Every structure is written in C-alpha cells, then in structure tokens.
Amino acid sequence: MGTLSEGPPRLAVLELDLDKFKEVNDTLGHQAGDEMLVKVSSRIKSLLRTEDTLVRLGGDEFAIIQANIEDLEEPQKLARAIIETLSEEFTLTDGTATIGVSIGIATAPDMTRKEMELMRFADDALYRAKNGGRNRYCVYSATPVNEPARIDTKLRDTFAGRRATA
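Small disclaimer: the values here were computed from a predicted structure and weren't measured.

Help me understand the packing of aromatic side chains, please; the structure alone is not making it clear to me.
The geometry of an aromatic ring pair is captured by the separation of the ring centres together with the interplanar angle, meaning the angle of the planes. For the coordinates displayed, the defined rule picks out 1 aromatic pair. When the ring of Phe121 is compared with that of Tyr140, the centres are 4.0 Å apart and the planes differ by 5°; the resulting orientation is stacked. Placement of the pair is Phe121 in helix α4 (residues 115-131) and Tyr140 in the loop between β7 (137-139) and α5 (147-165), with a sequence separation of 19 residues. Looking at Tyr140, the relative accessible area reads 18%, which means it is buried.

Here's what the structure looks like:
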C-alpha cells in the first residue's frame, strides 16, 4: 500500500468482529459456525462495490478495504448496511441463529498515511465499538475514549467553582 499524499479520505479500512458468534458454535456446533461464516461472507459481499476487498482475518474477524472513496460517509454507510444485514436471522442446517457485528473504521490519508497505523486505528475503533455496546460501528478518533467525560467533569467543576465565588 505504501504511503498516500495528504488530503481527504480516499481509502477506508473497516475491521469487523462478529458479536455472539461463539454462542452459535457453543449451541449449534462448529459445523454450524463454519456455515455461518460462509453466509456472513456472502451477505457482506453482496453489499460491496467491485473495487472493495473483503478478507477474513481469522476466527470471526473480517476486514474490508474500500478504495476510491469520496468522503467518510461512504464507509459509514457501508457499516450501517452490514450491521443491518448481519442482524437478520440466519437459517442454518442445524437451526437458526442471530448475531451482530461490531465495526471499526479508519481512513487514509486524512487520519494517517501509514498502512500499519491505518490498521491499528481501525482496530482501536473496533475496540471502542465493542466496548460501546456492540452491534455498532465507530470511526477512529485520536481523542481517548474517556476524554469527553473528563472534559465534562472539568467544565462542571469550573462552573461550580465560579458559582461558589460569585
């Protein structure tokens, strides 16, 4: 991939981790889990453009590389569509199952021009999506997860101090 020149987002990486997939393996068996992965891949592929690439990273983790994007809305739109389609019930040979998906998004060259950072940023965003309740997506932000709460507390303390001295 190399490095990209600066500018608006032109490439997105979406990291996906299936929610509740372990329950499918535990309740219906590993063969059902394998069947589920094939069906998940098929559903995701049906949403992709010809220039997009889907890869299985291992287990129940996938990544999508979206080339030639115009703006950040494109990977977010894809993430919403993936969440919707993977939330629909799956009919498997040994029963039915419902799962979800957590997605982390990072873009280049606006967030980074280095491919390893891009993957790390997508992974960080995925971690935030999973910690935020799962079956959702997050876009990478350099702001720490607890930063908004820390700022809110600091502002409240500042205003409370002003009222006390007024």
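Any chance you could explain the pattern of salt bridges here in plain terms?
Two side chains that carry opposite charge are able to pair once their charged atoms sit near each other. Tallying each qualifying case throughout the model produces 11 salt bridges. The salt bridge partner of Glu51 is Arg49, with a shortest N-O separation of 3.3 Å. For Arg49, a relative accessible area of 25% corresponds to the partly exposed category. Across the pair Asp124 and Arg128 runs a salt bridge, and its minimum N-O distance is 3.1 Å. Residue Asp124 and its partner Arg128 are located together in helix α4, separated by 4 residues, close to a single helical turn. The buried category is assigned to Arg128, whose relative accessible area is 16%.

Just checking my understanding: could you explain α4 for this structure?
Since the α-helix advances by 3.6 residues per turn, residues separated by three or four positions end up pointing in the same direction. If you check α4, its first and last C-alpha atoms are 24 Å apart, about what 17 residues at 1.5 Å a residue would give, namely 24 Å. Taken together, the buried positions of α4 are Leu118, Phe121, Ala122, Ala125, Leu126, Arg128, Ala129 and Lys130. The elements touched by buried residues of α4 are β1 (11-19), β6 (100-108) and β7. Positive backbone phi, at 125°, marks Gly133, one or two positions downstream of α4.

Explain helix α3 (residues 73-87) to me, please; I cannot follow it from the model alone.
Between its first and last C-alpha atoms α3 spans 21 Å; for 15 residues at 1.5 Å apiece the expected length is 21 Å, and the two agree. Turning to α3, its buried residues are Pro75, Gln76, Leu78, Ala79, Ile82, Ile83, Thr85 and Leu86. Where the residues of α3 are buried, they touch β1, α2 (30-45), β3 (61-67), β4 (90-92), β6 and β7.

Basis of the calculations
- Residues numbered from 1 in each chain as written.
- Predicted model: local features only at pLDDT ≥ 70, side-chain atom pairs only at ≥ 80, totals over all residues.
- Heavy atoms only, no water.
- Phe/Tyr/Trp six-rings, centres within 6.5 Å; stacked < 30°, edge-to-face > 60°.
- Helix = DSSP H or I, 4+ residues; strand = E, 2+ residues; numbered from the N terminus.
- Buried < 20%, exposed > 50% of the residue type's maximum accessible area, 1.4 Å probe, protein only.
- Salt bridge = Lys/Arg side-chain N within 4 Å of Asp/Glu carboxyl O.
- Expected span 1.5 Å × (residues − 1).
- Contact = heavy atoms within 4.5 Å.

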